[in-house]
Every structure is written in structure tokens, then in C-alpha cells.
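Next come the chains, spelled out residue by residue.
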Amino acid sequence: MVRNSVSSLLAGPDDGRYAIVVGWIRTKRQSKNTIFFEVNDGSCLANLQIVVDKSGDVIDGKQSQHLLNGASIIAEGQILPSEGKEQEIELIARKMRLIGEVSPSYPLQKKRHSFEFLRDNAHLRPRTNTFGAITRVRNALSVAIHGFFQKREFLWIQTPIITGNDAEGAGNLFQVSTLDYSSPPRNDSGSVDYQKDFFGKKTYLTVSGQLQLENFACSMGKVYTFGPTFRAENSNTSRHLSEFWMIEPEMAFCELEENRELAESLIKELLSQVLERCPDEMELFDRWVSKGTIDNLKQVIDKPFIHLTYSEAIRELKKAPIDWEYPPAWGLDLQAEHERYLCEELIKGPLTLTDYPKEIKAFYMKQNDDGDTVRAMDILVPRLGEIIGGSQREDDFVKLRDRMKQMGMDMSEYSWYLDLRRYGSVPHSGFGLGFERLVQYITGMQNIRDVVPFPRSPKAIAF
Ligand code: 4AD
Ligand code: MG
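Residues numbered from 1 in each chain as written. Chains lettered and ligands numbered in written order. Predicted model: local features only at pLDDT ≥ 70, side-chain atom pairs only at ≥ 80, totals over all residues. Heavy atoms only, no water.

Caption draft 1: Layout of the site of ligand 1. Close to ligand 1 lie 24 residues; Glu-168, Gln-210, Glu-248, Glu-386 and Ile-387 are nearest. Take Arg-231: an N or O atom from its side chain is 2.8 Å from an oxygen atom of ligand 1. Between Glu-248 and ligand 1, the recorded distance is 2.7 Å, taken from a side-chain N or O atom to a nitrogen atom. Here ligand 1 has 630 Å² of accessible area as a free molecule, and 94% of this is covered by the chains. Those elements giving two or more residues to the shell around ligand 1 turn out to be β11 (243-252), β15 (385-392) and β16 (428-434). Ranked by residues supplied to the shell around ligand 1, first place goes to β15 with 5 residues. (Near = heavy atom within 4 Å. Polar contact = N/O pair within 3.5 Å; in protein donor to acceptor, adjacent residues only side chain to side chain. Areas by Shrake-Rupley, 256 points an atom, 1.4 Å probe, with all protein chains shown as cover. Helix = DSSP H or I, 4+ residues; strand = E, 2+ residues; numbered from the N terminus.)

Caption draft 2: Layout of the pattern of salt bridges. Under the definition given, this model contains 23 salt bridges. The partner of Arg-17 in a salt bridge is Asp-15, with the nearest N and O atoms 3.5 Å apart. Of the residues examined, Arg-17 reaches a relative accessible area of 28% and is grouped as partly exposed. The closest approach of N and O atoms between Glu-316 and Lys-319, which form a salt bridge, is 3.6 Å. Residue Glu-316 and its partner Lys-319 are both found in helix α8 (residues 310-319); the two are separated by 3 residues, about one turn of the helix. Relative accessible area serves as the criterion here: at 62%, Lys-319 is assigned to the exposed category. Three or more residues are tied together by salt bridges with common partners; here these are Arg-119, Arg-125 and Asp-450. (Salt bridge = Lys/Arg side-chain N within 4 Å of Asp/Glu carboxyl O. Buried < 20%, exposed > 50% of the residue type's maximum accessible area, 1.4 Å probe, protein only.)

Caption draft 3: A look at the environment of Gln-367. The topology assignment puts Gln-367 in the loop between β13 (351-357) and β14 (373-381). Along the sequence, Gln-367 and Arg-403 sit 36 residues apart, while their C-alpha atoms lie 9.6 Å from each other. Beyond its immediate chain neighbours, meaning those up to four positions away, Gln-367 contacts Thr-373, Val-374, Glu-394, Lys-399 and Arg-403. (Contact = heavy atoms within 4.5 Å.)

Caption draft 4: How the structure looks around the pairing of strand β2 (residues 34-40). The element β2 is largely enclosed, with a buried count of 7 among its 7 residues. Burial along β2 is two-sided: Thr-34, Phe-36, Glu-38 and Asn-40 facing one way and Ile-35, Phe-37 and Val-39 facing the other are all buried. By the bridge criterion, 6 bridges tie strand β1 (residues 18-30) to β2 in an arrangement that is antiparallel. Residue pairing for β2: Arg-29 is matched across the bridge by Phe-36. (Pairing = 2+ DSSP bridges.)

Caption draft 5: Seen up close, unusual backbone geometry. Positive phi is not limited to glycine here, since Lys-348 has a value of about 60°. With respect to the helices and strands, the residue Lys-348 is situated in the loop between α9 (336-347) and β13.

In C-alpha cells form, the structure reads like this:
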């Protein structure tokens, strides 16, 4: 049986050709002689109107009372220009059958539901316009991400999900273990004996594929990964997830300036691709979620990104006529209020910040000659703050080893990483773009939990 997707029918001619459609009833209304069903099959935002003549035998009499919102159906008939104003074409059904009926407890009504309500019904969210649109935007972005890197001769590396080290050195790790927590094996000193654990040592879910990417970049040249990462941060905010996807490129023979250029062109290209591939979805977000989002994105595409060093940013913050909750000071991490001021008031757009104090950044970043700062690079955007974090990496064996020791790291876990600086070391750089933050930025959605299929956050892992 050849079926037609709603998107292909809406894009095709209204010449009376025959079509077979499957989907779920979104709404239904009746006039004296006719029933109009709005049916969605997920292929696009728009529904297909299916017109049923009550007088014929289009619907099996026993089924008609079950053809309700949420029920699944199959229908066949002719595609013709619609007489209604709401849609250009419609399917004049010759036959329509119920596939799965819907029980009266179906939680989705015709009215708009709050995002909180939908989060509690995350398994039904894809049946709403907004979440369907998010799903298609995520798909278009994923394709565009691979396209961007493949065009530039990057190799896609599948970095591991289970690791033995903390790539960020920040300690936000989920431990992976098969030990029995109620009575773990203990060694002579009384502490848990991880030699008896599955891998014979402590292991974790990855926070970033960066270290392994550096490994591959230092022989394959240009590489990237796009996959899930995990952070056990106890951050209950609208921009943190415990499981999120990250895009991470890594380039050998590459210093910070080139890294910055790549990050900025990646963002611009992804914005253009979404505007081109998801115009209906973007219109929905512009209309219902965040007014003006399309124009904003177009401006970001057209204008060069502004670049400041961390020190310049601190100077700007100190000059700002604002009564800060956290007064800005050199050496402190930027707070959300600082990031928002910089992007929303000062720059009015995305901002690339580089050369942060080494004390607030990860161990692997390349030290500047001043001894105080490192070649870090964050990209901040209005509303969300940081969406990209990256750096040039320390390629000097002695400097890297000393910094790691200074920070009290377990050197035995990182000898392979230091080997990359022992054997043909090269300047190299990379960054990580948070996929969900990107989707949030593009769509204007307020809460990161509403742009991911199944959100995971502290004390929340339904579905
Ligand atoms: O700044 P981060 O921690 O950088 C790294 O992990 C580097 N190893 C990347 C690299 O250089 N290869 O994280 C990168 C980005 C952030 O800018 C943010 O967009 C996103 O990942 N991110 C999160 N997104 C959602 N929930 C969280 N808890 C996130 N933590 C980071
Ligand atoms: Mg960061």
C-alpha cells in the first residue's frame, strides 16, 4: 500500500489524484451533511483536512462515534482544491477507517496547554504543534551540523559515553557501576574496592568527548563529535539539563582565532539552514513563542560577531550604571546578570569572549604569556548566556603536566592525554556547542526542558 505523507500532499498538485493517508485526528467539526477532520501525521506542521460526506458509506457506522481527537485513522480519496479558506487542498474521502480508538481520558484538548502540563505528559507532547515543530527543527539542525562539518572535511568520531576520566575536571560526574550499593566490596582500608567493579576501576558517564577528540585530531587533523553528554550538576535552571547533546569540533594546527571563526560560521550556517528548511515551524515560534525571533536570527546571520576579551568585558561591566547583585570583579566567573547585560544591553547580539583568568577555566586550556589568563573562548547570546565553550588547548608538555599537578589531578588517568604532547605535539583548538541551548536560542523557547524529547534534571526522570 503506497501511502502519502501530508507534507508531500500539501506540496503537490490538487488535480484530483488519489491518495491514502494515515495519521491522528487533531480536531473534528461537523455541518449538516459533512464532517471535517483535521489530521496530522507528523510530516509537517499543517494538518490535512479530510472531508467526509455523511450521507454515503465513507465511514463504517459503528466506528463513527470513535473518530475523536487523538484517534488514529486511515483515509483514502481524491485530493482537490479546498472550498474553505483555511487550507488550499483537502482530501475528499471515499473511505475512512478507525485504526486505534482513543479513550475518554485523553489529556490533550483542543485548547492550548501550558508547557508545564505538557512536560508532565511528555509522551504526548509530540502531538502538539509546538513540540512537533521542535522535533522537526532538531532534525533539520542535526542534518545541518553534519553537513557543515562534512563540507569542511571534518571526520565524525564516535567518542565514548563511558569513561574513566573527568574531561572538564569539574567533578560533575555520574558514576557508572555494577557494584551492589547496599554492600559494596571493601578493601583493607575500608573504602569501596573498585577493582571489583565492572571495569576494574571507577568509571563515569562522559561530560564531554573533548579529550578523546584531541586524541584523534592529533593524527586525523579535523574531527568532530555530536552526541549525548551528562552532567551531575545540581542546577535546576531553565538552561541546564543533566543529559544534553553537544557538538564538539577539534582541529589540529589551529589557534584560537581560527577556532573562533569556525564557531561563528557554524552558528550562522545553522541559523540559515533552519530558516530555510523549517519556515512554517519558525513562523510558529515567531508568532506564539517569541515575537521577532526570525528577524533577530536574520540580523545575527548578517552581522559579524562582536569579540571582547574577558578583561575588556569586566571593564565594561564595571562602567555599567547597574546595581549588581554580584558586583563584577576581575577573576570571578561571569554571572547570568553580567552575561545578559553584555549581550542584551551593550552588544545587542551574540558576543564572543576570550582570554579568561586561568583559575576559573579547565586544566587543558593554553596559558597566555601573562601567566594569568588562558586562551578560552565562550560565545554568549541574549537571554541564555553561554551557548559555546571552547579554547585553544595547552600543547606544551611541561606546562600542561605542571598545571594538572597543581590542580591535584590523578595523573595516572591522563598519561595517554599527556602522550599527545610528547609525540609530535601541535597547537590545536576546539569548542562545544550545547545542542539544546542552540535549539532554545533559535526557537525562543523559555525552558530547555521543552526543547528535548525526554528531559532529565535533578529529581526528574519520568519517561
Ligand atoms: O563549556 P562546556 O562545559 O565545555 C566543554 O565541555 C568543553 N569540553 C567543550 C570543548 O571544548 N570541546 O560545555 C559546552 C557547552 C556550553 O557552552 C553549553 O552550551 C552546553 O555545552 N552545556 C549545557 N547544556 C545544557 N545543560 C547543561 N547542564 C550544560 N552544560 C553545558
Ligand atoms: Mg563553559
